[in-house]
Amino acid sequence: MKRETFSTSLAVFFATLGSAVGLGNIWKFPYMTGMNGGGAFILVYLLFVLLLGIPIMLAEFYLGRKTRSNVVGVFDKLKAGRFWKIIGYLGLLSAMLIMFFYSTVAGWVYSYVFKAVRGDFRALGTMGTDEARMASEAIFGETLTGVSPMLWQAFAVLLVAVILIGGVKKGIERVTKTPMPVLLLLIIISAVRALTLPGAGEGLSFLMKADFSKLTTSSILAAMGLAFFKLSLGMGTMVTYGSYFNADNNLVGTSFKVAFSDVAVSLLAGLAVFPVVFTFNLAPEGGPGLLFNTIPLVFSMLPLGNLLLTAFFVLTAIAATTAMLSMVEVPIAILTEELRMNRRKAVILTTSLMFLVGVLTTHPDALFGHVEVAGRSLFDFFDYVSSNIFLPLGGLFITIFVGYFVRKDSLVREMTNDGQVGRASVIQLFHGILRYVTPILLIIVFLNALGILSF
Ligand code: PHE
């Protein structure tokens, strides 16, 4: 069977951006910034995007497009030993772990769409500060209980399955094509409104003042994990998408455009959330509920607020869905190509498993830590292990592989499209970074997290 590709470079950009931009920007970035003390965390995060994110994204694009293969098959095509294929399967495992909790949060987003349409948030605009905050928190609390979050999660996963059965062009490309600019516009509107709130000054200084004394070992690890999670790296998503890129795509250009746009969306989400936090006396370190508690408050203070709020959550749902497509495509590509499974069967098998385990994290006991694994709630455990351990570990091996086991001239040829775009010297610089900067930085952060090295 002929392998599919995306039709144009624009389609590639939107699909890849669709993978990167998701709940990570809108939900995770603000609450993690809140939990880790603000500005200093953001700075370290940005540094990791630059020194780890972009180089590893390029390495993944190289592997994918050069071999036109899934993340396990890549290592066969490049005649690497058995060991390396384990890295591919590690990616499959990471996809599972992430989907377990990601689909839960996607379910919350869908239920917020429903609530907004029903008008549940309308009353917020008529209340005083404290009353509105409590009402908003109560709505979120209610979202987590009963069977409805499980049904919403089922809906989120089912939608992903239906789209993925359509394949690369008729599935992924079709849904990733347009929504991003509209989402951007809505985030800008909410950020602008938020910045005119009384708590805007405090919110801004929380985001921009880098107080390095707040930076702990665990927040450095978290910033690194977030950089991987955000750009969908370390588990083969970008290998898999790269394998569908058109031959004349400029890989370096794509990686920079995607990384910068992604950071911009996260920062805008931060600008929309933190002024609200300080205006309504919410706790910045409030955790995973932060987005859901704050955003309805911003929109309640805008003309046409309910309509805009609905649109905001619809677009967040789309962003979450396009990110999930890329996550689930990793196992699908492995199953269909390595095990020659039919695509429909692979999709049904993978998404069913994701739902069946994932639904366990949706139960309040698993969310709030009445059920614990290694001292964490089940939800947190899946999140922590995937972002902070599996993705960076996958990234480390990918860097080492491309830095040390791939011939430099092959890298230069693939990245410049045989001399058509870019400059060989830039690729050589990037090769040097992959050999000496990226792996060493990753190892230092790991050793620091393990307490073996302290700084
Ligand atoms: N990058 C996505 C987000 O930030 C999450 C993701 C992680 C997607 C890993 C694919 C693979 O929401």
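None of these values were measured; they are calculated from a predicted model.

Draft legend 1. Seen up close, the site of the ligand. Neighbouring the ligand are 15 residues, the closest being Ala-20, Gly-24, Tyr-102, Phe-229 and Lys-230. Here a nitrogen atom of the ligand and a backbone polar atom of Ala-20 are 3.0 Å apart. Here a nitrogen atom of the ligand sits 2.8 Å away from a polar atom, N or O, in the main chain of Phe-229. Burial of the ligand by the protein chains amounts to 100% of its free accessible area of 330 Å². In a pocket analysis with a 2 Å cut-off to the grid points, the ligand is assigned to the largest cavity. Of all the elements in the fold, those that place two or more residues in the shell around the ligand are α1 (9–20), α2 (23–35), α5 (82–118), α11 (217–230) and α15 (305–338). Counted by class, the shell around the ligand contains 8 nonpolar, 6 polar and 1 charged residues.

Draft legend 2. Expanded view of the side chain of Asp-262. Here Asp-262 shows up in helix α13 (residues 251–279). On the accessibility criterion, Asp-262 (0% relative accessible area) is buried. A distance of 2.9 Å separates a polar atom in the side chain of Asp-262 from a polar atom in the side chain of Asn-25. Sequence-distant contacts of Asp-262, defined by excluding residues within four places in its chain, comprise Leu-17, Ala-20, Val-21, Asn-25, Tyr-45, Lys-230 and Leu-231.

Draft legend 3. Summary view of α11. In this model, α11 (14 residues) spans 20 Å end to end at C-alpha, consistent with the 20 Å of a helix rising 1.5 Å per residue. Across the 14 residues of α11, 12 count as buried, placing the element largely inside the fold. For α11, every residue scored as buried is listed here: Ser-219, Ile-220, Leu-221, Ala-222, Ala-223, Met-224, Gly-225, Leu-226, Ala-227, Phe-228, Phe-229 and Lys-230. Following α11 by one or two positions, Ser-232 adopts a phi angle in the positive range, close to 55 degrees.

Draft legend 4. Summary view of the side chain of Ser-326. Tracing the backbone shows Ser-326 in helix α15. Looking at Ser-326, the relative accessible area reads 2%, which means it is buried. Those residues within four positions of Ser-326 in sequence are excluded, and the remaining contacts are Ser-19, Thr-237 and Tyr-241.

Draft legend 5. Structural view of the packing of helix α16 (residues 343–362) against helix α18 (residues 378–405). Across the interface, α16 lies against α18 with an axial gap of 7 Å and an inter-helix angle of 120 degrees. Between α16 and α18, the angle is such that the two are oblique. Residue-level inspection shows Val-357, Leu-360 and Thr-361 of α16 in contact with α18, the latter providing Leu-378, Phe-379 and Phe-382. Taken together, the residues of the contact of α16 with α18 sort by class into 5 nonpolar, 1 polar and no charged.

Draft legend 6. Just empty space enclosed by the protein, in detail. Scanning all chains against the criterion turns up 3 cavities of 30 Å³ or more. The space that makes up the largest cavity amounts to roughly 120 Å³. If you trace the largest cavity, you find 16 residues lining it, with Ser-19, Phe-229, Ser-232, Ala-323 and Met-327 closest to the centre. Residue assignment for the lining of the largest cavity shows that the elements contributing at least two residues are α1, α5, α11 and α15. When the residues that make up the lining of the largest cavity are grouped by side-chain class, the tally is 9 nonpolar, 6 polar and 1 charged.

The rules behind these values
- Residues take numbers from 1 onward in each chain, read along the sequence in its written order.
- Owing to the predicted nature of the model, reporting of local features is limited to residues with pLDDT of at least 70; listing and counting of side-chain atom pairs is limited to 80 or more, with chain, interface and lining totals taken over all residues.
- Based on all heavy atoms of the structure, the side-chain values leave hydrogens and waters out of the count.
- Throughout, near means a residue has at least one heavy atom within 4 Å of the molecule or strand.
- Between N or O atoms, a polar contact is any pair within 3.5 Å; within protein, one atom must be a potential hydrogen donor and the other a potential acceptor, and residues adjacent in sequence are included only when both atoms are from side chains.
- Residue-level accessible areas treat just the shown protein chains as cover; the underlying method is Shrake-Rupley with a 1.4 Å probe.
- Points on a 1 Å grid over protein atoms alone make up a cavity when a 1.4 Å probe fits among them but cannot get out, and a pocket when they form an open set with protein on both sides within 12 Å along at least five of seven lines; lining residues each have an atom within 4 Å of a point.
- Grid points define the cavity or pocket, and a molecule sits in it when more than half of its atoms lie within 2 Å of them.
- By definition, any uninterrupted DSSP run of H or I lasting at least four residues is a helix, any uninterrupted run of E lasting at least two residues is a strand, and each is numbered from the N terminus.
- Polar here means any residue outside two lists: the nonpolar Ala, Val, Leu, Ile, Met, Phe, Trp, Tyr, Cys and Pro, and the charged Asp, Glu, Lys and Arg; Gly therefore counts as polar.
- In this scheme, a residue with accessible area under 20% of its type's maximum is buried, one over 50% is exposed, and one in between is partly exposed, where area comes from a 1.4 Å probe on protein chains only.
- We call two residues in contact when some of their heavy atoms are within 4.5 Å.
- Multiplying 1.5 Å by the residue count of a helix minus one yields the expected span of that helix.
- For helices, the fitted axis covers only the stretch in contact; all axes are lines through C-alpha atoms, and the angles between them, taken along N-to-C directions, range from 0 to 180 degrees.
- Note that the term roughly parallel is reserved for angles under 35 degrees, roughly antiparallel for angles over 145, roughly perpendicular for angles of 65 to 115, and oblique for everything else.
- Grid points are joined across faces, edges and corners, and a volume is the space filled by probe spheres set on the points.

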